[in-house]
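Structural overview for review
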Amino acid sequence: MRDGVSPEQPKVSVIMPVRDGERWVAEAIRSVQSQTFRDFELLVIDDGSADATPAILAEAAAADPRIFVLTQHRDGLVAGLNRGLAAARAPLIARLDADDIALPDRLARQVDYMTTHPAVVLLGGWATIVDENGQPKGRDMRPNPNDLRATLMKKSPFIHPTVMFRAEAARRVGGYHAAFEAGEDYDFWLRLADIGEVAILPELLIRYREHSASVTRTRQLRQIYSARLAKLAAAARQAGQPDPSAPLTTPPHWHDASPGPFERDSSRLFRMLELADPAVAARIAPSAIDLNAITSQLGTLTAGERKFAQAALLNLLRANKLPSLAARWSAVFLLVRLGPLKAIKAARQLRNR
């Protein structure tokens, strides 16, 4: 038991990691305090903030005994989530990011659902998208298909800060895994789906803030790389095989000198996909270009991977990096298979050379 904490167990633990969140964290905290469901604790994990965040959190915790601040020294999101999971006292855990806003009935609606559906270990919801100033931009109302588990094996249908899950199930699967950097949530959902039912509540639960700062191409690539590995690991587990990701303690990289058998083919593919960055494509030696790395995985590519592959091939053609005319036309034909419009554009460029 944490010092000064009442021995009475709350029904919900809200986990909120934050780093340098002075602009929005107070509003996020107020949205939890304003919930119609009152039996909760809020665990805010401060990941080494260097702005006014620590002072904001200290003031909030001093004013509300349900708020607890945990600190760490820039150990990262996964460490923060697992720290919150370890400290949580409630049987149900809700996620919220420090720049998002929970709608007043969010916890009540999810607790009701989890109470009446005891087999469900993971419950998502919908979100209103807002800009930096809180102005609505649209809605993210992801469908709740009949076979949500099959959808999950293809892509994540969950919005991370909307989810509620059972603490016992989360601990049983080992919490969040650091090896799946930028895709730790998707891997976590897949492992929860191994042991229980998953569902999406078709209701707006949060206001999800989109920042003006764009996600870097490298971050996007890392996210879809981790997602691919998470799906491969889940498929192995479902086939009754040992989890091939179990030996991974740190995030693998597609440029690792000696990739293991689990990530070898994916690393080969992603060395090509990173050529979607024109600067990387301009530096690559022609001998290192491996079109077959894309061709051999064509049937398994996600929409995001296809976009990276298309951009990579276009960059190679623009930079005239392919070693022969035959290789250039092979790249164009591969573009046709990825998307005809991109291929037409590439063919025109090739004819003009």
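Structural notes, computed from the coordinates.

Cut-offs applied
- Residues numbered from 1 in each chain as written.
- Predicted model: local features only at pLDDT ≥ 70, side-chain atom pairs only at ≥ 80, totals over all residues.
- Heavy atoms only, no water.
- Core = buried A, V, L, I, M, F, W, Y, C linked by side-chain atoms within 4.5 Å.
- Buried < 20%, exposed > 50% of the residue type's maximum accessible area, 1.4 Å probe, protein only.
- Helix = DSSP H or I, 4+ residues; strand = E, 2+ residues; numbered from the N terminus.
- Contact = heavy atoms within 4.5 Å.
- Pairing = 2+ DSSP bridges.

Here the focus is the nonpolar core. Residues Leu-122, Phe-158, Phe-165, Trp-189 and Leu-192 are the most contacted members of the largest nonpolar core, which totals 73 residues. A total of eight residues in this core trace back to one element, the largest contributor, which is helix α8 (residues 217-238). Apart from the residues within four sequence positions on either side, Leu-122 is in contact with Met-114, Phe-158, Val-163, Met-164, Phe-165, Trp-189, Leu-192, Glu-197, Val-198 and Ala-199. Within the second largest apolar cluster, 33 residues are counted, among which are Val-25, Ile-67, Ala-102 and Ala-127.

Burial along strand β4 (residues 92-95) is two-sided: the residues Leu-92 and Ala-94 and Ile-93 and Arg-95 are all buried. Sheet topology places strand β1 (residues 12-18) next to β4; four bridges connect them, and they run parallel. Looking at β4, one finds that Ile-15 is bridged to Arg-95. By the bridge criterion, three bridges tie β4 to strand β8 (residues 164-166) in an arrangement that is antiparallel. Looking at β8, one finds that Leu-92 is bridged to Arg-166.

Moving on: the environment of Phe-262. Mapped onto the elements, Phe-262 comes out in the loop between α8 and α9 (264-273). A residue is classified by how much of its surface remains accessible, and Phe-262, at 15% relative accessible area, is buried. C-alpha separation for the pair Phe-262 and Pro-244, spaced 18 residues apart in sequence, amounts to 6.1 Å. Residues contacting Phe-262, with those up to four places away along its chain left out, are Leu-229, Leu-232, Ala-233, Pro-244, Ser-245 and Leu-248.

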